[in-house]
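Chain residues, written in single-letter form:
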Amino acid sequence: MFDRQPHLVGRLIEARPLEASDFEALAAAASDPLIWELHPDRDRHRPEVFRVFFDDQLASGGGLVVLDRNTGEVIGTSRFHGYDPEASEIEIGWTFLVRRYWGGAYNGELKSLMLCHAFQYVKHVLFRVRVGNLRSQRAVEKIGGVSIGTCTDRESFSYRISAPSA
C-alpha cells in the first residue's frame, strides 16, 4: 500500500506528515499574496481563505509540511493524491513554497524526494498545472515532466514523469 505521508529528509528540506497544529506556521508562510497570483484562489494569502486549503490538505491524508532543515522554519506544503494501483500512478501537487525558496534547489529537492518515494510504489507520477501558471509549468518541466495533454476540465495541463528503467 502506498504511504501517502512519509517522512522525507534531504540536504536542504524535510517533509513530514501535515498535522492540525501546523496551521499557524503554514498560514504565515502562505501570507504573501504573490505566492497565489497565478492560482484560481488569489486571495488564499488571507487566513480565512487559507483555512479551506489547509483543511483540504489535512483531510486528504496525503499532505506534507515542508521545513527548511537549516532553520526548522515551515516553508510550504505539498501532497500525494489519487493513488491508482491499477494504472501504477499517483499525483503530486498542491505545492507552494515561500517565495525566497523559489526557482532553486528547494523545490527540486522536495520533488526529488517525493518522486523517489513514489517510485517505490508506482511507475508514473502525474502533475496537474493550471493553463496560465507558466511558473509551475516550467518547474514541472525542469524536473522532467512531459506534457500528456489537457485535463478534462480544460483548465489544466497534465504532466507525467515515469520511473527510470531498471
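What counts as what
Residues numbered from 1 in each chain as written. Predicted model: local features only at pLDDT ≥ 70, side-chain atom pairs only at ≥ 80, totals over all residues. Heavy atoms only, no water. Pairing = 2+ DSSP bridges. Helix = DSSP H or I, 4+ residues; strand = E, 2+ residues; numbered from the N terminus. Contact = heavy atoms within 4.5 Å. Axes fitted to C-alpha atoms, helices over the stretch in contact; angles between N-to-C directions. Core = buried A, V, L, I, M, F, W, Y, C linked by side-chain atoms within 4.5 Å. Buried < 20%, exposed > 50% of the residue type's maximum accessible area, 1.4 Å probe, protein only. Salt bridge = Lys/Arg side-chain N within 4 Å of Asp/Glu carboxyl O.

Visitor: So what exactly am I meant to see when it comes to the sheet that holds strand 7 (residues 146-150) here?
Guide: Strands belonging to one sheet form pairs held by backbone hydrogen bonds; the direction of such a pair is parallel or antiparallel. The eight strands lie next to each other as 1-2-3-4-5-6-8-7, forming an open sheet whose pairing is mixed. With partners counted over all chains shown, the strands left at the sheet margins are strand 1 (8-9) and strand 7, one partner each. Here two bridges tie strand 1 to strand 2 (residues 13-17), and the two strands are oriented antiparallel to one another. The residue of strand 2 that forms the bridge with L8 is A15. Against the sheet, helix 2 (residues 47-60) engages strand 3 (63-68), strand 4 (74-84) and strand 5 (89-97), with an angle of about 50° to strand 4. With respect to the sheet, helix 3 (residues 105-118) is in contact with strand 1, strand 2, strand 3, strand 4, strand 5, strand 6 (124-130) and strand 8 (156-162), its orientation differing from that of strand 5 by roughly 160°.

Visitor: Sorry, what's going on with the nonpolar core here?
Guide: In terms of nonpolar packing, the biggest core is built from 41 residues, with I13, L26, F50, F80, F96, V125 and F127 touching the most fellow members. The element contributing the most residues to this core is helix 3, with five residues. In this view, F50 contacts F23, L26, A27, A30, W36, R44 and F96; residues no more than four positions away in its chain are not counted.

Visitor: What is the right way to read unusual backbone geometry from this model?
Guide: Residues other than glycine predominantly adopt negative phi, and peptide bonds predominantly adopt the trans conformation. Not every positive phi belongs to a glycine, and S88 is a case in point at roughly 55°. Relative to the elements of secondary structure, S88 occurs in the loop between strand 4 and strand 5. According to the relative accessible area criterion, S88 is buried, its value standing at 14%. We note that W94 has phi near 55°; this positive angle belongs to a residue other than glycine.

Visitor: Got a minute to help me understand the pattern of salt bridges in this structure?
Guide: Here the idea is simple: oppositely charged side chains can pair when their charged atoms come close. Across all of its chains, the model carries ten salt bridges by this definition. Salt-bridge contacts for R130 lead to E155; the nearest nitrogen and oxygen are separated by 3.0 Å. With a gap of 25 residues between them, R130 in strand 6 and E155 in the loop between strand 7 and strand 8 connect regions that are remote in the sequence. Residue E155 is classed as partly exposed on the basis of its relative accessible area, which comes to 43%. Bridged by salt links that share partners, the residues D43, R46 and E48 form one connected network.

Spatial relationships are all this shows, so hold off on functional conclusions.
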